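Chain residues, written in single-letter form:
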Amino acid sequence: MGTMTVRLCRVQPLGCVLAVRFLALVLWDVPGTRGLDNGLAMTPTMGWLHWERFMCNTDCQEEPDSCISEQLFMQMADLMDSDGWKGVGYEYLCIDDCWMAPKRDSKDRLQADPARFPHGIRYLANYVHSKGLKLGIYADVGKKTCAGYPGSFGYYDIDAETFADWGVDLLKFDGCYCDSVEQLADGYKHMSLALNKTGRSIVYSCEWPLYMWPFHKPNYTEIRQYCNHWRNAGDIYDSWQSVKSILDWTSFNQKTIVSVAGPGGWNDPDMLVIGNFGLSRDQQITQMALWAIMAAPLLMSNDLRHISTEAKSLLQNKDVIAINQDPLGKQGYLLRKEDNFEVWERPLSNLAWAVAMVNLQEIGGPRSYNINVASLGQGVACNPACHITELLPVKTKLGFYEWTSPLKTRINPTGTVLLLLESQTV
């Protein structure tokens, strides 16, 4: 969950064309910063996480269908298996805060709330695994979780062993209730080593930089050596303002964070809130498109029992997921911002590029945006030519474009047009 309000732990000659294209390929294939060597998260993690939609609802008597319970996660597992989510890559079913009992057991092990998880976490993990899915769980580096449940400080090794024994596949490790930034950093490192020592493959999702930023710029090279993905900014809310603030934070800090992302380690802008209440159709398209451009973990937080066909289709869009999961593993970035438009781009495998054009204006109707294709993809995406396909809002083959061609789009307010540029020789 990770909230900052909780106290911290808290057209040219052919020879030139080929030379430029070769240089671009070489530059984009340079290995990134060395990451956590656990062989996991080689593409961004995909799955479902309870926090934004269900928060810390523990009242199963009054709200049995929306409290944090064994029943909720088993129902979501059933739907991830039967409704096509698993088939397009959503693999991890993740528990956030508020699953624990108020105290550890007699052997100092964490334990699930016995009323809400009567069969325990190992039983739930087995059930999730029987559906071909993986189970994620939540803990905290400090003395308490953000919601006040037992923290892992002083118990890193025993908690890692407990999670492995239960069959957990991902740990989201929050950063509340530490006494110092040194304790915070040491705790994140300790848990990373403890998880690896168990011998079980457990994706490690950190909130380390989120809690470091108020004090000093995080050392992302170091963070990447210990974590598979890491939260940078505060919790997402079910609102356009929240999505927009995350995009603004990301673009403002992109010189610091973009280059560190790559296979095994990713910047995490937080959950997808598509299918809830706060975003319009165009704003949901913007979130999906930009999370793909940013090579972000795709962790939905919604109610899969009650999701519209439109939202489901967007979240299961295979073309957009393919951009997010592109094996080159390069995070995209903001290319330009002008007149309430933003253009983001991301290099992909096989010299392809993804481009997202966002209309940030919140008044009026659709607006036209014109750009020369020569300015996209560091000048090489359409050099000497490319085929362009619009993937969102509606998949449309736009056709063949030469390097000198103009490109015109029309974009709804707060909406995005997502394009795939595939290089062509002439």
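In this text the structure is predicted, and so the values were computed from the model without any measurement. Numbers given to residues run from 1 along each chain, matching the order in which its sequence is written. For this predicted model, a pLDDT threshold of at least 70 governs which residues receive local features, and a threshold of 80 or more governs which side-chain atom pairs are given and counted, while totals over whole chains, interfaces and linings are taken from all residues. Note that water and hydrogens are dropped before the side-chain values are worked out from all heavy atoms of the structure.

(A) Structural view of the overall build of the chain. Put simply, DSSP H or I for four residues or longer makes a helix, DSSP E for two residues or longer makes a strand, and each gets a number counted from the N terminus. Looking only at helices and strands, one finds 13 helices and 16 strands in the chain. Atoms counted for the radius of gyration: C-alpha only. Globule rule: 2.2 Å times the number of residues to the power 0.38. The C-alpha atoms of the chain give a radius of gyration of 22 Å, which matches the 22 Å a tight globule of 426 residues would have. Considering only C-alpha atoms, the chain reaches an extent of 75 × 40 × 40 Å along its principal axes. Buried, partly exposed and exposed residues are distinguished by accessible area as a fraction of the type maximum, computed with a 1.4 Å probe on protein chains only: under 20%, between the cut-offs, and over 50%, respectively. For the chain, buried positions account for 60% of its 426 residues. Method for areas: the Shrake-Rupley scheme with a 1.4 Å probe, in which residue coverage is limited to the protein chains shown. Of the roughly 16,700 Å² that the chain leaves accessible, carbon and sulfur atoms contribute 52%. Neither His nor the chain ends is counted toward charge; the positive residues are Lys and Arg and the negative residues Asp and Glu. To locate a charge, the coordinates of NZ of Lys, CZ of Arg, CG of Asp or CD of Glu are taken. Mean positive and mean negative side-chain charge positions of the chain (38 and 47 charges, respectively) differ by 3 Å.

(B) A look at the packing of helix α3 (residues 70–82) against helix α4 (residues 120–130). As a packed pair, α3 and α4 sit with axes 10 Å apart at the nearest point and diverge in direction by 10°. With respect to each other, α3 and α4 are oriented roughly parallel. Residues Glu70, Phe73, Met74, Ala77 and Asp78 of α3 form the contact with α4, whose participating residues are Gly120, Tyr123, Leu124, Tyr127 and Val128. Ten residue types, Ala, Val, Leu, Ile, Met, Phe, Trp, Tyr, Cys and Pro, are classed as nonpolar, four, Asp, Glu, Lys and Arg, as charged, and the remainder, Gly among them, as polar. Broken down by class, the residue content of the contact of α3 with α4 amounts to 7 nonpolar, 1 polar and 2 charged. Each axis is a line fitted through C-alpha atoms, taken for helices only over the stretch in contact, and angles between the N-to-C directions span 0 to 180 degrees. The labels follow the angle: roughly parallel below 35 degrees, roughly antiparallel above 145, roughly perpendicular from 65 to 115, and oblique for the rest. The contact definition used throughout considers only heavy atoms, calling two residues in contact when any of these lie within 4.5 Å.

(C) Quick peek at helix α9 (residues 240–252). Look at α9: 18 Å from first C-alpha to last across 13 residues, which is about the 18 Å you get at 1.5 Å a residue. Among the residues making up α9, those that are buried are Trp240, Ser242, Val243, Lys244, Ile246, Leu247, Thr250 and Ser251. Residues of α9 that are buried sit in contact with α10 (254–257), α11 (281–293), β9 (333–338) and β10 (341–347). Here a helix's expected span is defined as the number of its residues, less one, multiplied by 1.5 Å.

(D) Structural view of the pattern of salt bridges. Salt bridges are defined by distance alone: a side-chain nitrogen of Lys or Arg within 4 Å of a carboxyl oxygen of Asp or Glu. A full pass over the atoms with the stated rule returns 23 salt bridges. Note that Asp81 and Lys86 form a salt bridge whose closest N and O atoms lie 2.9 Å from each other. Asp81 sits in the partly exposed class, given a relative accessible area of 31%. Judged by its relative accessible area of 32%, Lys86 is partly exposed. Here Glu222 and Lys189 are joined by a salt bridge, their closest N and O atoms 2.8 Å apart. Here Glu222, found in helix α8 (residues 220–226), pairs with Lys189, found in helix α6 (residues 181–197); they are 33 residues apart in sequence, far enough to count as distant. You can call Glu222 partly exposed: its relative accessible area is 23%. Bridged by salt links that share partners, the residues Asp96, Lys172, Glu207, Arg231, Asp235 and Asp270 form one connected network.

(E) Layout of unusual backbone geometry. Here the amide bond leading from Asn383 into Pro384 is cis, since omega sits at 10°, within 30 degrees of zero. Relative to the assigned elements, Pro384 resides in the loop between β12 (367–372) and β13 (385–392). Put simply, Leu392 and Pro393 share a cis peptide bond, and its omega is 5°. Along the polypeptide, Pro393 turns up in the loop between β13 and β14 (396–402). One non-glycine residue, Tyr177, lies in the positive phi region at around 60°. Residue placement: Tyr177 occurs in the loop between β4 (170–174) and α6. Phi at Thr414 is positive, roughly 60°, even though this residue is not glycine. You can see Thr414 is positioned in the loop between β15 (406–411) and β16 (416–424).

Shape descriptors only; they carry no functional weight alone.
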